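Structural description and commentary
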Amino acid sequence: RTQTLFISAQPDEAYDVFRSGQLAANATDNETPHSFKSDPLDISRADTTDGSLWSLSDSKFRDVWPAHMPETLVFHSATLEETMSVAGQMRLTLYLEIDTPDADIFATVYAILPDGEPLHLGNDIVRARFRNGLTPQLVKPGTIEPYVFDGFAWNAWKLPVGTRLRLTVGPFNDPYFQKNYNSGGRLAFETAEDARIATIKLHHNSDHPSALELPLTKD
């Protein structure tokens, strides 16, 4: 079976880990979208990395791949009132509006354990031009479309009472991966001169129910 948690946030929420949005049981009507920017020329991640190999087993909030960027949106669930066994592959659907022909978006899910330690549950990246499959389709600015993140790794955890789930969503711009300058051109031939800053709006309401689906199993 699955449990669906819907993204919800007031206008001043989700832009900070301490004033996060929510992962709620139901979608909320009339919520305004939250936006973040993707700047291909932002090399702050490259400036701060030490060049060492990262590890998916590293659970620290700012060190887990993909890179945490300043534009990241943060959403938390309520604390668990009973144990939850997650087993399988998570699925995330985000209703996004992008004002450039292309952009890279990441999503990461953590379990925040009762002692405050973050446990990395999985991550996925979507390149907008491949949102509907391997045939590239550039984005039409001003349109709202569902972007499905279904590449999370299969995993299984028994989460204790008091755990919260954390979802982060933001631009993907990592020095270890192919650069996307958001222009919609041929990726291998784009240069910094082609770079465009993308504004990405995350819509979350009953008409655009952005949501995280968790695969559950009996204990």
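1. A closer look at the overall build of the protein
Per the secondary structure count, the protein includes one helix and 13 strands. Along the protein, from the amino end to the carboxyl end, the secondary structure elements read β-β-β-α-β-β-β-β-β-β-β-β-β-β. Sorting the 219 residues of the protein into buried and exposed places 47% on the buried side. In the protein, the share of contacts with a sequence separation of at least 24, taken over all contacts with a separation of at least 6, comes to 79%.

2. Side note on the nonpolar core
Among the nonpolar cores identified, the biggest contains 39 residues, and F75, I98, F149 and L167 are the most heavily contacted of them. Ignoring anything within four residues of it in the chain, the contact list for L167 reads I7, L23, L73, V74, F75, L92, A107, T108 and V109.

3. Notes on the pattern of salt bridges
Within this structure, the stated rule accounts for four salt bridges. Here R91 ties to E213 by a salt bridge, and the two come within 3.8 Å at their closest N and O atoms. Of this pair, R91 sits in strand β6 (residues 91-98) while E213 sits in strand β13 (residues 211-215), and the two are 122 residues apart along the sequence. Linking E145 and R131 is a salt bridge whose minimum nitrogen-to-oxygen distance equals 3.0 Å. Note that E145 is positioned in strand β9 (residues 144-149) and R131 in the loop between β8 (118-127) and β9, a separation of 14 residues in sequence.

4. Remarks on the environment of A192
Assignment of secondary structure puts A192 in the loop between β11 (164-171) and β12 (198-203). On the basis of relative accessibility, which here comes to 43%, the residue A192 falls in the partly exposed class. As a C-alpha pair, A192 and K179 span 13 residues in sequence and 9.6 Å in three-dimensional space. Setting aside anything within four residues of it in sequence, one finds A192 in contact with L41 and Y181.

5. Looking at the pairing of strand β7 (residues 104-112)
Side-chain positions along a regular strand alternate between the two faces of the sheet. Counted residue by residue, β7 has nine buried out of nine residues, so it is predominantly covered. Of the two faces of β7, the one holding D104, F106, T108, Y110 and I112 and the one holding I105, A107, V109 and A111 are both buried throughout. Here β7 folds back onto β8, and the loop between the two strands holds five residues, one of which, G116, carries a positive phi near 95°.

6. Focus: the packing of aromatic side chains
This model, assessed by the stated rule, comprises one aromatic pair. Here F172 and F177 contribute two aromatic rings whose centre-to-centre distance is 5.3 Å and whose plane-to-plane angle is 80°, an arrangement assigned as edge-to-face. A residue is classified by how much of its surface remains accessible, and F172, at 9% relative accessible area, is buried.

7. Focus on the confidence of the model for the protein
Put simply, the protein has an average pLDDT of 89, and 88% of its residues get 70 or more. The low-confidence segment residues 51-68, where pLDDT is below 50, has 38 contacts with residues more than four positions distant or belonging to other chains.

8. Thoughts on the side chain of T93
With respect to the element layout, T93 can be found in strand β6. Using a relative accessible area of 14% as the deciding quantity, one classes T93 as buried. What T93 contacts, discounting residues up to four positions off in sequence, is P146, Y147, V148, P209, S210, A211 and E213.

9. Focus on the pairing of β12
The buried fraction of β12 amounts to five of the six residues, a majority that puts the element mostly inside the structure. Across five bridges, the pairing between strand β3 (residues 34-38) and β12 is antiparallel. Residue pairing across strands places F36 opposite I200, the latter belonging to β12. Relative to β12, β6 runs antiparallel, the two being bridged by four bridges. Note on β12: the bridge partner recorded for I98 is I200.

How each quantity is defined
Residues numbered from 1 in each chain as written. Predicted model: local features only at pLDDT ≥ 70, side-chain atom pairs only at ≥ 80, totals over all residues. Heavy atoms only, no water. Helix = DSSP H or I, 4+ residues; strand = E, 2+ residues; numbered from the N terminus. Buried < 20%, exposed > 50% of the residue type's maximum accessible area, 1.4 Å probe, protein only. Contact = heavy atoms within 4.5 Å. Core = buried A, V, L, I, M, F, W, Y, C linked by side-chain atoms within 4.5 Å. Salt bridge = Lys/Arg side-chain N within 4 Å of Asp/Glu carboxyl O. Pairing = 2+ DSSP bridges. Phe/Tyr/Trp six-rings, centres within 6.5 Å; stacked < 30°, edge-to-face > 60°. pLDDT = per-residue confidence, 0-100.

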